[in-house]
Amino acid sequence: MTTLLPKTDYDSDNAGLGLSGAQPDIVFVCKHPAYFIAFSGGFGLSAKAPGTVGTLIAFPLFWILDHYLDPIHLLLLIDIFFILGIWACGVTGKALSESDHGGIVWDETVAFLLVLYFTPAGWSWQLAAFLLFRFFDIVKPQPIRYYDQRLKSGFGVMFDDIIAAFFTLLCLSVWKAWVLL
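Counting restarts for each chain, with residues numbered from 1 along the sequence as it is written. Residues qualify for local features only when their pLDDT is at least 70, as the model is predicted, and side-chain atom pairs are given and counted only at 80 or more; totals for whole chains, interfaces and linings, by contrast, use all residues. Excluding hydrogens and water, the side-chain figures rest on all heavy atoms present in the structure.

Chemist: I'm lost on the overall build of the protein in this one. Help?
Modeler: Elements are defined by DSSP. Helices are runs of H or I of four residues or more, strands are runs of E of two residues or more, and each kind is numbered from the N terminus. A count of helices and strands for the protein gives nine helices and zero strands. Written out in order from the N terminus, the α and β elements of the protein read α-α-α-α-α-α-α-α-α. Each residue gets one of three labels from its accessible area relative to the maximum for its type: buried under 20%, exposed over 50%, partly exposed in between, using a 1.4 Å probe on protein chains only. Here the protein holds 181 residues, and the buried ones make up 43% of them. Across the protein, the fraction of contacts at a sequence separation of at least 24, relative to all contacts at a separation of at least 6, is 65%. Accessible area for the protein stands at about 10,000 Å²; split by element, carbon and sulfur atoms hold 69% of it. Contacts were defined at the residue level, with two residues in contact if any of their heavy atoms lie within 4.5 Å. Reported accessibility uses the Shrake-Rupley method at a 1.4 Å probe radius. Residues are deemed covered only where the shown protein chains occlude them.

What follows is the structure, given as structure tokens:
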């Protein structure tokens with residue numbers, strides 16, 4: 001089969017799965033739909049803070065989807081994105097021989113979409129949500145760390161970020177209920 005993409009060191013006879021120590025690039029990301037999804041369309045290739053970039057991508061994605069979809073359909077789409085992420089992150093993790101490679105940022109994108117869905121409108125709430133989510137995703141307090149260390153599959157990649165999203169939303173709701181009486 002002829003492709004328009006240049007041949008790389010991960011084009012092998014075994015379905016192109018191993019990277020042989022090379023870092024993924026745009027060619028790799030475009031090679032398979034799962035890779036494209038897992039890298040959030042290539043934004044996971046960011047040289048600096050790919051997880052933060054993957055989280056930031058959720059902002060415009062949420063604003064567009066929120067504009068065109070009613071709330072129940074938006075929540076359903078986020079659920080579909082989560083399920084799709086289990087598959088995409090699992091396939092990509094196997095291809096990279098690293099279940100939660102730093103460039104796999106679909107988990108951050110989807111989890112933060114969920115956070116934005118439940119966050120009150122306004123830039124100050126969304127900024128607070130962003131900072132809290134990044135804190136929980138980077139620091140990984142328990143039980144996030146527990147699941148991050150033990151679940152080494154597509155589900156594990158997605159699940160620890162959903163817990164970080166839960167902690168973020170819990171903090172925001174406590175702040176709204178108890179501080180902003």
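Continuing now.
Chemist: So what exactly am I meant to see when it comes to the side chain of Thr168 here?
Modeler: Along the chain, the position of Thr168 falls in helix H9 (residues 154-179). Given the relative accessible area of 0%, Thr168 is considered buried. When sequence neighbours within four positions are dropped, the list of residues in contact with Thr168 reads Val115, Ala129, Leu132, Phe133 and Phe136.

Chemist: Just to check I follow, could you spell out a nonpolar patch on the surface for this structure?
Modeler: Every patch collects residues that have over 30% relative accessible area and no salt bridge, joining them within 9 Å if they carry like charges and within 5 Å if they are nonpolar side chains (Val, Leu, Ile, Met, Phe, Trp, Tyr). Should a side-chain nitrogen of Lys or Arg be within 4 Å of a carboxyl oxygen of Asp or Glu, the pair is scored as a salt bridge. A cluster of nonpolar side chains, contributed by Phe166, Leu170, Val174, Trp175, Trp178 and Val179, occupies part of the molecular surface with about 670 Å² of accessible area. One can find Val179 in helix H9. Taking the relative accessible area as the measure of exposure, Val179 reaches 45% and is therefore partly exposed.

Chemist: What is the right way to look at unusual backbone geometry in this model?
Modeler: Glycine aside, residues mostly have negative phi angles, and peptide bonds mostly take the trans form. Cis geometry is adopted by the peptide bond preceding Pro143, which originates at Gln142 and carries an omega value of 5 degrees. Within the fold, Pro143 resides in the loop between helix H7 (123-139) and helix H8 (144-150). A positive phi angle, near 50 degrees, is found at Ala49, a position not held by glycine. Residues other than glycine seldom take positive phi values, yet Ser97 does so here, at roughly 55 degrees. Within the secondary structure layout, Ser97 lies in the loop between helix H5 (71-96) and helix H6 (106-118).

Chemist: What is the right way to read the packing of H5 against H6 from this model?
Modeler: Two measures define how a pair of helices packs: the angle their axes make with one another and the distance between the axes. Contact geometry for H5 and H6: axes closest at 9 Å, N-to-C directions at 160 degrees. In terms of orientation, H5 lies roughly antiparallel with respect to H6. Here H5 runs over H6; the crossing is left-handed. Facing Pro71, Ile72, Leu74, Leu75, Ile78, Phe81, Phe82, Gly85 and Cys89 of H5, the residues of H6 in contact are Trp106, Val110, Leu113, Leu114, Tyr117 and Phe118. As a working rule, the residues Ala, Val, Leu, Ile, Met, Phe, Trp, Tyr, Cys and Pro are called nonpolar, Asp, Glu, Lys and Arg charged, and the rest polar, with Gly in that last group. Looking at the contact of H5 with H6 residue by residue, the classes come out as 14 nonpolar, one polar and no charged. Structural elements are reduced to axes, namely lines fitted to C-alpha atoms, with helices fitted over the stretch in contact, and the angle between N-to-C directions of any two is expressed from 0 to 180 degrees. Roughly parallel means an angle under 35 degrees; roughly antiparallel, over 145; roughly perpendicular, 65 to 115; everything else is oblique. We call a crossing left-handed when the near helix sits turned anticlockwise from the far one by less than a right angle, and right-handed when that turn is clockwise.

Chemist: Even after reading the chapter, I still don't get the confidence of the model for the protein, so can you show me in this structure?
Modeler: Reading predicted coordinates in detail is not appropriate for stretches of low pLDDT. The pLDDT value tells you how sure the predictor is about a given residue, anywhere from 0 up to 100. Averaged over all residues, the pLDDT of the protein is 86; the fraction at 70 or higher stands at 87%. Taken element by element, the protein is modelled with least confidence in H8, mean pLDDT 84, and with most confidence in H6, mean pLDDT 97. Low pLDDT, under 50, characterises residues 1-17; the stretch is placed with 22 contacts to residues that sit more than four places away or in other chains.

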